[in-house]
Structures are given as C-alpha cells and as structure tokens.
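Summary of the model geometry
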Amino acid sequence: MTYVMSDIHGHYDKYREMLETIEFAADDTLYVLGDVLDRGSDGFKTLLDMAARPNVIGLLGNHELLAAAVLPSLLRTMRQGEEQPLSESEQEQMQEWIQNGGKASILQFLQLGGEEMETVCEYLPELSAYEEITVQGRQFLLVHAGLEHFSPARSLEEYDLEDFLFCRPNLDAAYFPDKTLVFGHTPTRLLYQQIGELGQPDRIFHRGMMIGIDCGCAYPGGRLGCLCLDTMEEFYV
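Treat the numbers as computed from the prediction; the structure is a model and nothing was measured.

Regarding its fold elements, the protein presents seven helices and 10 strands. In terms of overall size, the protein behaves like a compact globule, its C-alpha atoms giving a radius of gyration of 18 Å where 237 residues would be expected to give roughly 18 Å. Buried residues in the protein amount to 51% of all 237 residues. Look at the contacts in the protein between residues 6 or more apart in sequence, and 69% of them connect residues 24 or more apart. When the accessible area of the protein is evaluated, it comes to approximately 11000 Å², of which 46% is carbon and sulfur surface.

When two helices pack together, their arrangement is given by the angle between their axes and by how far apart the axes lie. Viewed as axis vectors pointing N to C, helix H1 (residues 12-21) and helix H2 (residues 43-51) meet at an angle of 35°, and their least axial separation amounts to 8 Å. Contacts from Tyr12, Tyr15, Arg16 and Leu19 of H1 reach H2 at Lys45, Thr46, Asp49 and Met50. Class assignment for the residues of the contact of H1 with H2 results in four nonpolar, one polar and three charged.

Below, the discussion takes up the pairing of strand S4 (residues 130-135). Bridging between S4 and strand S5 (residues 138-143) involves six bridges; their strand directions are antiparallel. Within S5, the position partnered with Ile133 by the bridge is Phe140. Connecting S4 to the antiparallel partner S5 that follows it, the hairpin turn spans two residues, and Gln136 within it adopts a positive phi of roughly 55°.

Let us look at the nonpolar core. Judged by nonpolar contacts, the single largest core of 60 residues is most densely connected at Met5, Leu30, Phe44, Leu71, Phe109 and Val120. Looking at this core, the element that brings in the most residues is helix H3 (residues 62-78), giving six residues. Beyond its immediate stretch of four places on either side in the chain, Phe109 contacts Phe44, Leu71, Leu74, Met117, Val120 and Cys121. Core analysis: the second largest hydrophobic core is formed by 15 residues, Leu33, Ile133, Val135 and Ile211 among them.

A few words now on the state of the cysteines. Applying the stated criterion across every chain yields a total of zero disulfides. Cysteine Cys215 is unpaired, with the sulfur of Cys217 as its nearest cysteine sulfur at 9.3 Å. Cys215 gets classed as buried once you look at its relative accessible area, which sits at 1%. For Cys217, a relative accessible area of 3% gives the class buried.

This part covers the pairing of strand S9 (residues 225-228). Judged by which residues are buried, S9 turns out to be covered on both faces: Gly225 and Leu227 on one side and Cys226 and Cys228 on the other are all buried. As paired elements, strand S1 (residues 2-5) and S9 share three bridges and run antiparallel to each other. Following the sheet pairing, Met5 is matched in S9 by Cys226. With three bridges joining them, S9 and strand S10 (residues 234-236) adopt antiparallel strand pairing. When the sheet's bridge partners are listed, Cys226 is paired in S10 with Phe235.

With that settled, consider the side chain of Asp35. Within the secondary structure, Asp35 is located in the loop between strand S2 (29-32) and H2. A distance of 3.3 Å separates a polar atom in the side chain of Asp35 from the backbone nitrogen of Asn62. A polar side-chain atom of Asp35 sits 3.1 Å from a polar atom in the side chain of His144.

Turning next to the side chain of Asp214. Looking at where Asp214 falls in the secondary structure, it is placed in the loop between strand S8 (210-212) and S9. We note that Asp214 is buried and unpaired, the nearest opposite charge coming from Arg168 at a distance of 6.4 Å. Only 3.0 Å separates the side chain of Asp214 from the backbone nitrogen of Gly216, close enough to count as a polar contact. Contact partners of Asp214, with chain neighbours within four places excluded, come to Asp7, Phe183, Gly184, His185, Thr186, Pro187 and Thr188.

Let us now look at the pattern of salt bridges. Tallied over the full model, the rule gives seven salt bridges. Salt-bridge contacts for Asp163 lead to Arg154; the nearest nitrogen and oxygen are separated by 3.9 Å. The partly exposed category is assigned to Arg154, whose relative accessible area is 26%. The partner of Arg189 in a salt bridge is Asp202, and the shortest N-O contact between them spans 2.8 Å. Of this pair, Arg189 sits in helix H7 (residues 188-194) while Asp202 sits in the loop between H7 and strand S7 (205-207), placing them 13 residues apart in sequence. One network of salt bridges, in which partners are shared, links Arg16, Asp49 and Arg53.

How each quantity is defined
Within every chain, residues take consecutive numbers counted from 1 along the sequence as written. pLDDT decides what is reported in this predicted model: residues at 70 or higher carry local features, side-chain atom pairs at 80 or more are listed and counted, and totals for whole chains, interfaces and linings draw on all residues regardless. The side-chain numbers reported here are obtained from all heavy atoms of the structure, hydrogens and water having been left aside. Here a strand is any run of E in DSSP of at least two residues, a helix any run of H or I of at least four, and the numbering for each starts at the N terminus. Taken over C-alpha atoms, the radius of gyration is set against a globule rule of 2.2 Å times the number of residues to the power 0.38. Residue burial is assigned from relative accessible area. The probe radius is 1.4 Å, only protein chains are included, and a residue is buried under 20% of its type maximum, exposed over 50%, and partly exposed in between. The contact criterion used throughout is that any non-hydrogen atoms of two residues lie within 4.5 Å. Accessible surface is estimated by sampling points in the Shrake-Rupley manner with a 1.4 Å probe; for residues, cover comes only from the protein chains shown. Simply put, an axis is a line fit to the C-alpha atoms, just over the touching stretch for a helix, and the angle between two N-to-C directions goes from 0 to 180 degrees. In the scheme used here, Gly and all other residues not listed as nonpolar or charged are polar, with Ala, Val, Leu, Ile, Met, Phe, Trp, Tyr, Cys and Pro taken as nonpolar and Asp, Glu, Lys and Arg as charged. A pair of strands is labelled paired if DSSP reports no fewer than 2 bridges between them. Definition used in this section: a nonpolar core is a set of buried Ala, Val, Leu, Ile, Met, Phe, Trp, Tyr and Cys residues joined via side-chain atoms within 4.5 Å. Disulfides are defined as cysteine sulfur pairs within 2.5 Å. Polar contact is the term for a pair of N or O atoms within 3.5 Å; when the atoms are in protein, one must be able to donate a hydrogen and the other to accept it, and sequence-neighboring residues count only if both atoms are side-chain atoms. When charges are counted, Lys and Arg are positive and Asp and Glu negative, with His and the chain ends excluded. In the sections that follow, a salt bridge refers to a side-chain nitrogen of Lys or Arg positioned within 4 Å of a carboxyl oxygen of Asp or Glu.

Geometry only, nothing functional implied.
If you want it as structure tokens, here you go:
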C-alpha cells in the first residue's frame, strides 16, 4: 500500500502509533509531506527513524528548509578543535528558525550523538520538493504546501522552491484535470472553515482534485492523519 501523512511537528509518539495503526510493512511505502520538525520536542527522533527506513520518503517542508540552512553551521561550531562562531547572517537564520518554532528542535539536536548529527545534516538536503506518483492508475502530485503562482503552462521544474513550501492552496483552482494535488501545511480545520463547514473535526480534506492531510497534529485538539492512496481509507491518532 502507499500512504501519505504530513506535519508531524515533533510528535514522534503519534508517528510511531500511526505506523502501528496502519500495520506499516516492508512492502508498503509512506510519503511524509514535510514539517516533521519543530513545535514538538521529538522531530529529529522522527527524522532519524525516517532516514533509516528505505520505504519512507520524506519531502521538504518549510521547517526542514530552515533547519537545513542552520544546522551545518551549528554543527561546524560544535566540532572539537574548531572555534568558528556563527556569522551575522547565520545568526539571523538561527533567529528566524527559533521564531518559527525551532527552539525545541535545536535543543534536541544538541543532545544527539555526533553520528546522528551527521546523518541529519546529510538527510535534509536529500528531501525533495515534490513527488509525482501513480497509485492504482490514479496520478498524484505530492507537495508540502501547494503550488504558488500556478499556471498550467509551467512545468514543475520551473517553480521556485518557495512555491511548494509556503503558500496556501486556492480551493477554487483546478490545478490539474488528471492529477490530484495532495498537500499539508494548512490545517484542514482552516480549509473546512473556508468552504463554510464550521465545527468540523480535524480530518482529511477532499475537494475536487485536491486533498489536504494536515489534521492539526501540532495544535490543541488536533490529530495526525494518514491516507492510503490505494483505497482512500483514512487513519487518525
């Protein structure tokens, strides 16, 4: 089976519980659509688990982008025998990450072993901005946030990295007639509010050829959602 989840935000316990709930097996594939890090305290624990599983494919989220910009310089300052303080620009990047919920991740990173730190710094640049897959004859485009500055005349290679990571989806757009856009980043409670369905529980959002899967795991009362693309069965923890 092929599964998607997103925006785990440091909740390693929910991530592991979800793997048990879906009975994730070696011949299954899981795509995690970014924002594994920050807000919660166990983002790197989740990231290291993903890196160790060949059938878990991580995508880049805006929080991973911030981490990837900061961690190599932070690691440099920690190496024994090197005294190279953060430059002014590196300090600004660090502050931006902290302002976006990165403090918990930084504290956890400082507690990792040297080999784990190296693994994290090698894994983050490997995360892709998008994945195109076909499941049961149905085409899907997996991204973290959506497609900013969308035009049907543009190929995916022409979009900037930020176009995939920071935008909010246009719920009235018909992005692709033959391809379903699957995204996280925007909690689905907000998507339901936009279409006038108030008071909805945090659940996966379906509208036309788009599916939102950020069920607010990082927020009070939110859940981690997971969708099986083979059957469209939804799972929550």
